[in-house]
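A look at the structure
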Amino acid sequence: MKEIRDGAQANRNASSDSTPLVLDVDDFKGDFSFDDLFGNLVTELLPSYLEKEVDSSEGHGTIDAISNGHMRVPSNAGKLLSSPLFPEVDALLSLFKNSSTQLVDQKRQVDAKLSNLTKEVSVQDLNHRKTLAELEKGVDGLFGSFARLDSRISCVGHTAAKIGDHLQSADTQRESASQTIELIKYLMEFNRSPGDLTALSPLFTDDNRVAEAASIAQKLRSFADEDIGRQKTTVSSSVGNATSNKGLEVAITNLQEYCNELENRLLARFDVATQKRDLSAMGEYGKILSQFNRGTSAMQHYVGLRPMFDVEVMNADAKLVLGDEGAQPSPSNVANGLSSMFKEITDTVRKEAATIAAVFPSPKDVMSILVQRVLEDRVPKLLEKLLQKPSLVNPPPMEEGGLVLYLRLLAVAYEKTQEFAKELRSVGCGDLDVEGLTESLFLPHKDTYIECEQASLKQLYKAKMNELRTESQLFSESSGTIGRSKGASIVLSNPEIIVTVVTEFVHWNEEAISRCSLFSLQPATLAASLKPVFTCLLDQVSQYITGGLERARDCLTEAAALREKHLLGTSVSRRVAAAAASAAENAAAAGESSFRSFMVAVQRCGSSVAILQQYFVNSISRLLLPVDGAHAASSEEMATAMSRAESVACKGLQQCIETVIAEVERLLSTEQKATDYRSPDDGIIPDHRPTSACACAVAYLSRVLESAFTGLEGLNKQAFLTELGNRLHKGLLNHWQKFTFNPSGGLRLKRDITEYGEFVRSFNAPQVDEKFEQLGIIANVFIVAPESLGPLFEGTPSIKKDAQRFIQLRDDYKNAKLASKLSSLWN
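Residues numbered from 1 in each chain as written. Predicted model: local features only at pLDDT ≥ 70, side-chain atom pairs only at ≥ 80, totals over all residues. Heavy atoms only, no water.

A word on the overall build of the chain
- On a plain count of helices and strands, the chain comes out with 31 helices and 2 strands.
- Per-residue burial over the chain gives 36% buried out of 827 residues.
- Partitioning the contacts of the chain with sequence separation of at least 6, the portion at a separation of at least 24 is 78%.
- For the chain, the computed accessible surface area is about 47,600 Å², with 55% contributed by carbon and sulfur atoms. (Helix = DSSP H or I, 4+ residues; strand = E, 2+ residues; numbered from the N terminus. Buried < 20%, exposed > 50% of the residue type's maximum accessible area, 1.4 Å probe, protein only. Contact = heavy atoms within 4.5 Å. Areas by Shrake-Rupley, 256 points an atom, 1.4 Å probe, with all protein chains shown as cover.)

Below, the structure written as structure tokens:
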């Protein structure tokens, strides 16, 4: 410790004797740190400063020695007080004062320098502002000079452009004048005398300069034509003008002759190049020929020489499509032939399109001419052979295909040609209206198409009816079921109804409608075409089913005539009666057969109408809906057509009822005996079986009405059975009026009524059931005692009238004086 204090003292003395540290302004530049400055000042006086910085433990001891401003005095404090605690303090104070003085001086120097700099900056700023002001004035003047210079340059450039335009125009005029002079010289060569082409310039005779000659010739023609046009519009009578006109006309004539000759030469060379397939030469000549009438002659010449338009090729087309000569073409074969032919033409046109594009300057125009030639020459010649328009007055017979063959071929040709037109459009045809041209090919046929369809449907119907009549006649003759006069006329006039025949009618019409849809694309046009065609179907179905129903009615009428013929009076011999009974049974059998036949006809009629209605809903109505009123009009027309058949059916059903009732009456009159209801063994055990007449009648009704149950449907069936039940009820009342009844007979009558009632219950006619129930009540008048008759009808006053008639049939009516007894009841 003593050595340290001695070293510090020596350093302090050395420091106090040395020159003080000089501070410089540079010490405060850059990243200034007060700690670094302080360290630099005291490092020489306090070399232990850095050691104390490092030795933190000793520093902490010193700090601990001084706490809260009080120093703790150690035990040896007396010794320490004899020497200074911080001997460097004087040197440090001297150093700090010196540094403070230097810092103050430095501050004054800095402030003086700063003041000087501020004044200099103010002076420099003022000078700078003056300089900037002068520069702005100079720049503004410079910009003005630039603007004037730009305007001048623009003016000069505009003037130069005008001068250039004038120079160009002058050059063009000079060149045009030069060309005009040349043209006038050439024109004078053609102006010498008509037909004189011998003294022309080498330009017009040199084969190597034909392109230039063609161009010059066309310019000369244009020039001469314009001059002639101007002379014609100017009214002048001077001789000079007349002479000029005459000279130009001579030039025009000679030019035309020369151009024709040159064009022919070029066409000949073009043909040679074409035969050699020299596309380069063809293109060169084609380009030159395009100067003559815009190349129309060359285009037409090229198209006209195509092998696809040779007569042999067209004859091959006809053989491919129509087959061997004299053979009847079929639509399927024609369709295949047309497809093959049109494919071959399309491929040829596609190949020609490649050649045309390489040869002609305007390939679209050439393609237009080529396709037009195809559609105006090759296709029409084939259609002319294929579609020979038939006569509607004397149509071709069905053995030769009839009108329908022509229509089918027409549809096939139209459809295939339309497809062919689309293919040609895809290959390329310029601005040619391919669709319109294709449509024009069929206009003569489409003008009378609907009339032809109607005539065809009528012809098909007539042929079918003849076929059916022939078959029916052959069957009748082989079976011997028809008589010689009446039956034969029935067969020949109206064949029986066959549902498959009506289906065939619908198929004919469906085919015709498909053709209408093919030829008529607009909804209004289609509806107008469709209506007469559908009307033909309505007429055919109506006529056919009406005729079939009339045929069945004629059978019913014939059976009724047989019944009337064999009706006999009461006073006839037994032999005559037996013969009449046999004839009546035959008439009954004929009536039953005709009844079944008519029911079958009605059933088939209903099926036919259902087929027609289904066809209308599925195929016709959707085509008529787009046109206002068309659907309703056709529906009404269909209802009107079917009403004729409905009227005949109603009359026939009435005849069927007459036939059934007549046979029931015959059976009852034949089989019913007086003893059935007035048995002599009255009082014995009654017979609960129905009478034989009742059993026969019910059996007949069950047998004959079986066809009615299957042949009729819906309201028609209900109305028919209701009318038949009412007529049966009325007939039974009249029949029973012929007999008298005792009580046992009344029981049998009641049993018969029950039998009849159970049968008519199958009619599902409540009105008829009620009438037969009332008959069962009325039959009680034969069973009860006379004194019980009055109360019998007290609850049912509606049947008093029929009950009164039945009471009079009691066998004791007179003996029991029932009339007087019941008079009060009836009154």
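Examining the confidence of the model for the chain
- Looking at the chain as a whole, its pLDDT mean stands at 79, while 73% of the residues score no less than 70.
- For the chain, strand β1 (residues 66-67) is the element with the lowest average pLDDT, namely 38, and helix α19 (residues 499-519) is the one with the highest, namely 94.
- Residue range residues 1-19 is modelled with pLDDT below 50. Its contacts to residues more than four positions away, or to other chains, number 9 contacts.
- Note on residues 56-82: pLDDT is under 50 here. Beyond four places in sequence and across chains, it has 6 contacts. (pLDDT = per-residue confidence, 0-100.)

Concerning the packing of helix α13 (residues 363-386) against helix α15 (residues 434-441)
- Two elements in contact, α13 and α15, have axes whose closest approach is 11 Å; the angle formed by their N-to-C orientations is 20°. Classified by the angle their axes make, α13 and α15 are roughly parallel. When the axes of α13 and α15 are compared, the crossing they make is right-handed. Here V371, Q372, L375, E376, V379, P380 and L383 of α13 lie close against α15, whose contacting residues are V434, L437, T438 and L441.
- Here the residues of the contact of α13 with α15 are counted per class, giving 8 nonpolar, 2 polar and 1 charged. (Axes fitted to C-alpha atoms, helices over the stretch in contact; angles between N-to-C directions. Parallel < 35°, antiparallel > 145°, perpendicular 65-115°, else oblique. Left-handed = near helix turned anticlockwise from the far one by under 90°. Nonpolar A, V, L, I, M, F, W, Y, C, P; charged D, E, K, R; others polar.)

Some thoughts on the packing of aromatic side chains
- A complete count under the given rule lists 17 aromatic pairs for this structure.
- Centre to centre, the rings of Y414 and F442 are 5.1 Å apart; their planes meet at 80°, and the pair counts as edge-to-face. Of this pair, Y414 sits in helix α14 (residues 402-427) while F442 is found in the loop between α15 and α16 (443-446), placing the two residues 28 residues apart along the sequence.
- Of the residues examined, F442 reaches a relative accessible area of 0% and is grouped as buried.
- Arranged with centres 5.8 Å apart and planes meeting at 70°, the rings of Y677 and F739 form a pair that is edge-to-face. With a gap of 62 residues between them, Y677 in the loop between α22 (630-671) and α23 (692-704) and F739 in the loop between α25 (714-736) and α26 (743-760) connect regions that are remote in the sequence. (Phe/Tyr/Trp six-rings, centres within 6.5 Å; stacked < 30°, edge-to-face > 60°.)

Focus on the state of the cysteines
- Taken as a whole and assessed by the stated rule, the structure comprises 0 disulfides.
- The thiol sulfur of C694 is not disulfide-bonded, and the nearest other cysteine sulfur, from C696, lies at 9.3 Å.
- A relative accessible area of 0% means that C694 is categorised as buried. (Disulfide = S-S within 2.5 Å.)

Here's the deal with the pattern of salt bridges
- Throughout the structure, instances matching the rule amount to 25 salt bridges.
- The closest approach of N and O atoms between R306 and E352, which form a salt bridge, is 3.5 Å. On the criterion of sequence distance, the pair formed by R306 in the loop between α10 (296-304) and α11 (311-322) and E352 in helix α12 (residues 331-359) is long-range, its members being 46 residues apart.
- For E352, a relative accessible area of 11% translates into the label buried.
- With a closest N to O distance of 3.3 Å, D347 and K343 form a salt bridge. Highlighted residues: D347 and K343, both in helix α12, separated by 4 residues, approximately one helical turn.
- Note on D347: relative accessible area 31%, which makes it partly exposed.
- If you follow the salt bridges from partner to partner, you end up with R408, E453, E511 and R515 in one network. (Salt bridge = Lys/Arg side-chain N within 4 Å of Asp/Glu carboxyl O.)

A closer look at the nonpolar core
- Judged by nonpolar contacts, the single largest core of 155 residues is most densely connected at F534, Y544, L549, L705, F720 and W736.
- Broken down by element, the residue count for this core peaks at 15 residues, all from α22.
- Excluding residues that lie within four positions of it along the chain, L549 makes contacts with I497, F598, A601, V602, C605, A645, V648 and A649.
- Counting 5 residues, the second-largest nonpolar core is a separate cluster that includes L37, V42, L92 and L95. (Core = buried A, V, L, I, M, F, W, Y, C linked by side-chain atoms within 4.5 Å.)

A look at α13
- The first and last C-alpha atoms of α13 sit 33 Å apart over 24 residues, in line with the 34 Å expected at 1.5 Å per residue.
- The largest bend along α13 measures about 35° and falls at P380. (Expected span 1.5 Å × (residues − 1). Bend = angle between axes of the 7 residues up to and from the residue.)

Things to note about the environment of Y414
- With relative accessibility at 4%, the residue Y414 sits in the buried group.
- The spatial distance from the C-alpha of Y414 to the C-alpha of L383 is 9.7 Å, given a sequence separation of 31 residues.
- Once residues within four sequence positions are removed from consideration, Y414 is found in contact with E439, F442, K446, L518 and F519.

As for the environment of T557
- By secondary structure assignment, the location of T557 is in helix α20 (residues 523-565).
- You can call T557 partly exposed: its relative accessible area is 39%.
- Taking the C-alpha atoms as reference points, T557 and T659, 102 residues apart in sequence, are found 9.3 Å from one another.

As for α23
- Taking 1.5 Å as the rise per residue, α23 with 13 residues should run 18 Å; its terminal C-alpha atoms sit 18 Å apart, in good agreement.
- Buried residues of α23: A693, C694, A697, V698, Y700, L701 and V704, and no others. The buried residues of α23 occupy an angular sector of 160° when the element is viewed end-on, so they sit on one face. (Arc of directions from axis to C-beta.)

A few points about the packing of α11 against α13
- Across the interface, α11 lies against α13 with an axial gap of 10 Å and an inter-helix angle of 45°. Classed by the angle they form, the pair α11 and α13 counts as oblique. Viewed along their axes, α11 and α13 form a crossing whose handedness is right-handed. Here V313, M314, N315, D317, A318, V321 and L322 of α11 lie close against α13, whose contacting residues are D377, R378, K381, L382, K385 and L386.
- Tallied by class, residues from the contact of α11 with α13 come to 7 nonpolar, 1 polar and 5 charged.

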